Structures are given as structure tokens and as C-alpha cells.
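Okay, here's what each chain looks like letter by letter:
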Amino acid sequence: MKILGLSAGTLNGANDSLCKEALMAAKEAGAEIEFINITKLDIKHCTGCKACVMGLFSGRGNACVLRDDMQWLIDKMLDADGIVYAAPIFEQCGPGIHHTLMDRFGPRMDRGNLMIARKIAEENGGKPIDPRCLKEKVISFMGIGGSDWATRIQCDFASLALTPKWTIIDNQLFSWSLSILMNDEAIAKAHQIGLDLAAAAKKIADGTFVPGHGIINEDYRGPAGVCPYCHGKNFYLEENGNAICCTCGTEGVMKYEDGRYFFEFDAEKWIPHAHDSISGKFIHGDDIMRNEGEARELMATDEAKARKQKYRDFIAPSKP
Ligand SMILES: Cc1cc2nc3c(=O)[nH]c(=O)nc-3n(C[C@H](O)[C@H](O)[C@H](O)COP(=O)(O)O)c2cc1C
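Read on for an overview of the structure. Here the structure is a predicted model, which means the values were calculated and not measured.

Comments concerning helix H3 (residues 70–79)
Now for step 1: Looking at H3, one finds that the buried residues are Met70, Ile74 and Met77. The buried residues of H3 all sit within an arc of 60° when viewed along its axis, so they share a single face. Exposed residues on H3 whose side chains face more than 90 degrees from its buried face are Trp72, Asp75 and Asp79.
Now for step 2: Along its buried surface, H3 packs onto strand E1 (2–7), strand E3 (82–88) and helix H4 (96–105).

Below you can see the structure in the form of C-alpha cells.
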């Protein structure tokens, strides 16, 4: 059983240390461990070229055109049964490198897309999909903040797991963390995160792991949250009273009873649409394909070409 520790903090800072505490626990539980500080890697931003997804759906695999350390990192992640991921909180959410990682996962690491691409490759003799991309994996997150401004970090973390449909075992927040190494309770919490992650990863290695519908299964040890489906705490509240869970995309209403919030939604209608589920990914994929087709047709018209030209001719981007 392999556990990979990833930290997005400064070298030997709070994130590295808590990540290593969880790795110590995983090692105690019998895991083979490895540690990477992702800020030390050369990871470029996604440019949005979509070459990876075009490759996927035409049987040519899911390679990214950018040449940097990202594929090395993805290989390390794919080789692990479990990942413990510590990232500093920047502006209440994940730091830039976390967002870049999410973008570089993008459509190429989406489990639904990969399942469709595997079928295309099998039927048409294309490049086979790396089977590691479709393997179950568990991940635990630690958001480490210098203060208590932290309202979006857990949602950002869940969004990373959602693309490859990796199962979240824990998703914890550590506030006021600059002197966290002197906080025995926090260190014990990080240790427990490592033990719980290793216990779930062992099930993957043993073949006894039972995946959930989406990114949560029976091994989840994180906060209860407010969304009864994905345990999310972030909601997009619309003016008409509709509430949308920012993680899984289920829609319903927010109620307040007995001193706490309840998110009520029609499970029969929305769970098949959940962003983290295979069924939800297929529905989203179909919507995108339909829209791509319509947009391609519309953008091929003379009127669309003329409108595009107007903006191209108006001004070119400045460069340093
Ligand atoms: C650009 C920047 C933005 C930050 N924003 C937040 C924030 O919104 N909330 C918070 O709790 N801490 C914030 N911090 C503090 C970092 O989370 C803290 O420095 C980091 O977790 C320290 O981890 P390290 O020792 O592993 O580098 C911010 C720090 C930086 C540099």
C-alpha cells in the first residue's frame, strides 16, 4: 500500500510538517510513503487549448502539450493508493498552485471522460487509456491557514477529488497555524488523518474497498458539513430561494431549524446529476458535446466570422 504526501507550503513550514506527521502515521500503519513539495516543481498554467480532451475523444490518449513536471507528478499520484494533501489557505481558498493542479487535471483526468475514451479506444483500436486513471484512490486534505479566513478551502479541495472521482476520507481545516508545531491537538489530528487514510488505502490494496456513488463513501471521516450528500459547506444562494451546493451541484432549499442549517433537495432528481458521480459526469459530458456542436455550427457562419474579426482588428494584446 502506497501513500503519497503532497504539500503546497514553504519548505519545512507548517504544511510540510503536518503532511509529514500524517505520513508518519501511514508508515506506522504499514504504508510505503513518499513526500513531494509541489511548489518545487515546474508546473505551468493550463492554457485552455483543449488538446488533451480532443486527443481523448479521438483515441489518441490524454497527454497535455505542456512540457513540465506535471506528468511526473500525475504518475506519482496514479501510483499511490492514497494521497495526503496539505495546502496553505490563500485568500480564503486554495493557493494558485492548487487551482493550477485542478486545471491541469481538467477534462483529461475526468473519470467520466476517461471511461468514454476507453470505450472509443477499444472500439476503434486507439491508444489504450492508462488503467491507473480508472483505479480507485483515497485522498485526505488539510487546509492550513495563518488566520481564520478559510471559508472556501474545503470546497476547493473537494473539487480536485471530484474530477478523477477519488474518494475523500478527510477534509480538515487548521486555522491560526503559524505555530502549529506547538499545538499537540493539531498534530494528533494530522496523525489521525494519516491513520484513517492508510486504513482506507489498505482496503484498495486488499481489493475490499467499496466506492461510493461520488467522492464520499462509508470510510469518510471528515466534518458532517451541511450538504447531506457530499458534506459540502459552500452554497450558492439564488435570489429566488434556490440553493446550489457548490461542490456537488445538487439544487434545493436551505432551511434553518433548531439552531442549524439543513439543505433539502430532491435526492431522486438530483443525485443522478451530482457533479462527482459517473451518471452526473455523463449528463454533463452530453450537455457539453451538444453545446460544442451547436457552437461550432454557429461560429462557422459569415456573421460570426465578421464579429470575431472586429475584435481581432480592434487591438492586439500588449507584451512586456
Ligand atoms: C498570499 C497569501 C494569502 C494568505 N491568505 C490567507 C487566508 O486567506 N487565510 C488564512 O488563514 N491564511 C492566509 N495566509 C497565511 C497562510 O495560509 C500561511 O502563511 C501558510 O499556511 C503557512 O504555511 P507554511 O508554513 O507551510 O508555508 C495567506 C498567506 C499568503 C502568503
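Some remarks on the site of the ligand
Now for step 1: Near the ligand you find 18 residues, and of these Gly9, Gly13, Pro88, Gly145 and Gly146 are the closest.
Now for step 2: Element by element, the count of residues in the shell around the ligand is highest for helix H1 (residues 14–28), at three residues.
Now for step 3: Here the shell around the ligand is built from residues that sort into seven nonpolar, nine polar and two charged.

With respect to H1
Now for step 1: Taking 1.5 Å of rise per residue, the 15 residues of H1 would be expected to cover 21 Å, and the 21 Å separating its terminal C-alpha atoms lies within 8% of that figure.
Now for step 2: Counting buried positions along H1 gives eleven out of 15 residues, so the element sits mostly inside the fold.
Now for step 3: Listed in full, the buried residues belonging to H1 are Ala14, Asn15, Asp16, Leu18, Cys19, Lys20, Glu21, Ala22, Leu23, Ala25 and Ala26.
Now for step 4: Looking at the packing, one finds that the buried side of H1 touches E1, strand E2 (32–37), E3, strand E4 (138–144), strand E5 (167–174) and helix H7 (184–206).
Now for step 5: Just downstream of H1, Gly30 is the residue with a positive phi angle, here 100°.

Side note on the pairing of E5
Now for step 1: In terms of burial, E5 is largely enclosed, as eight of its eight residues are buried.
Now for step 2: Both E4 and E5 contribute to a ladder of seven bridges, which runs parallel. The residue bridging Ser140 from the neighbouring strand is Asp170, located in E5.

Some remarks on the sheet that holds E5
Now for step 1: Read across the sheet, five strands follow the order E2-E1-E3-E4-E5 without closing on themselves; strand pairing throughout is parallel. In the strand order of this sheet, the two ends are held by E2 and E5, each with one partner. Each strand of the sheet is rotated relative to its neighbour by a mean of 15°, with strand direction disregarded.
Now for step 2: Here E1 pairs with E2 via six bridges, running parallel. Looking at the pairing, Ser7 lines up with Asn37 of E2.
Now for step 3: Its contacts with the sheet put H7 on E1, E3, E4 and E5, and the angle it makes with E5 is roughly 175°.

Thoughts on the nonpolar core
Now for step 1: Among the nonpolar cores identified, the biggest contains 75 residues, and Ile3, Leu18, Ala22, Val84 and Leu197 are the most heavily contacted of them.
Now for step 2: The element that contributes the greatest number of residues to this core is H7, accounting for eight residues.
Now for step 3: With residues up to four places along the chain from it excluded, the contact list for Ile3 reads Leu23, Ala26, Ala31, Ile33, Ala80, Asp81, Gly82, Val84, Leu197, Ala198 and Ala201.

Section: the sheet that holds strand E9 (residues 260–265)
Two orientations exist for strands paired in a sheet by backbone hydrogen bonds: parallel and antiparallel.
Now for step 1: Reading across the sheet, the four strands line up as E6-E7-E8-E9 and stay open at both edges, with antiparallel pairing between neighbours. What marks the edges here is a single partner per strand, and that holds for strand E6 (235–237) and E9. Across the sheet, the mean angle from the axis of one strand to that of its neighbour is 40°, orientation sign disregarded.
Now for step 2: Relative to E9, strand E8 (residues 251–257) runs antiparallel, the two sharing six bridges. Paired with Glu257 across the two strands is Arg260, which belongs to E9.

So, the packing of H1 against H7
Now for step 1: Put simply, H1 and H7 touch, their axes get as near as 7 Å, and they point 45° apart. The angle between H1 and H7 falls in the class oblique. When the axes of H1 and H7 are compared, the crossing they make is right-handed. Together, Leu18, Glu21, Ala22, Leu23, Met24, Ala25 and Ala26 of H1 and Ile187, Ala190, His191, Ile193, Gly194, Leu195, Leu197 and Ala198 of H7 make up the contact between the two elements.
Now for step 2: Classifying every residue of the contact of H1 with H7 gives twelve nonpolar, two polar and one charged.

Some points on the environment of Asn171
Now for step 1: With respect to the helices and strands, the residue Asn171 is situated in strand E5.
Now for step 2: For Asn171, a count of 29 C-beta atoms within 10 Å translates into the label buried.
Now for step 3: When the C-alpha atoms of Asn171 and Ile193 are compared, they prove to be 9.0 Å apart, with 22 residues separating the residues in sequence.
Now for step 4: Apart from residues lying up to four places away in sequence, Asn171 is in contact with Phe141, Gln154, Phe157, Ala158 and Gly222.

Thresholds, definitions, all that
Residues numbered from 1 in each chain as written. Predicted model: local features only at pLDDT ≥ 70, side-chain atom pairs only at ≥ 80, totals over all residues. Buried ≥ 20, exposed ≤ 12 C-beta atoms within 10 Å, placed from the backbone. Helix = DSSP H or I, 4+ residues; strand = E, 2+ residues; numbered from the N terminus. Arc of directions from axis to C-beta. Contact = placed C-beta atoms within 7 Å. Near = placed C-beta within 6 Å. Nonpolar A, V, L, I, M, F, W, Y, C, P; charged D, E, K, R; others polar. Expected span 1.5 Å × (residues − 1). Pairing = 2+ DSSP bridges. Axes fitted to C-alpha atoms, helices over the stretch in contact; angles between N-to-C directions. Core = buried A, V, L, I, M, F, W, Y, C linked by C-beta atoms within 7 Å. Parallel < 35°, antiparallel > 145°, perpendicular 65-115°, else oblique. Left-handed = near helix turned anticlockwise from the far one by under 90°.

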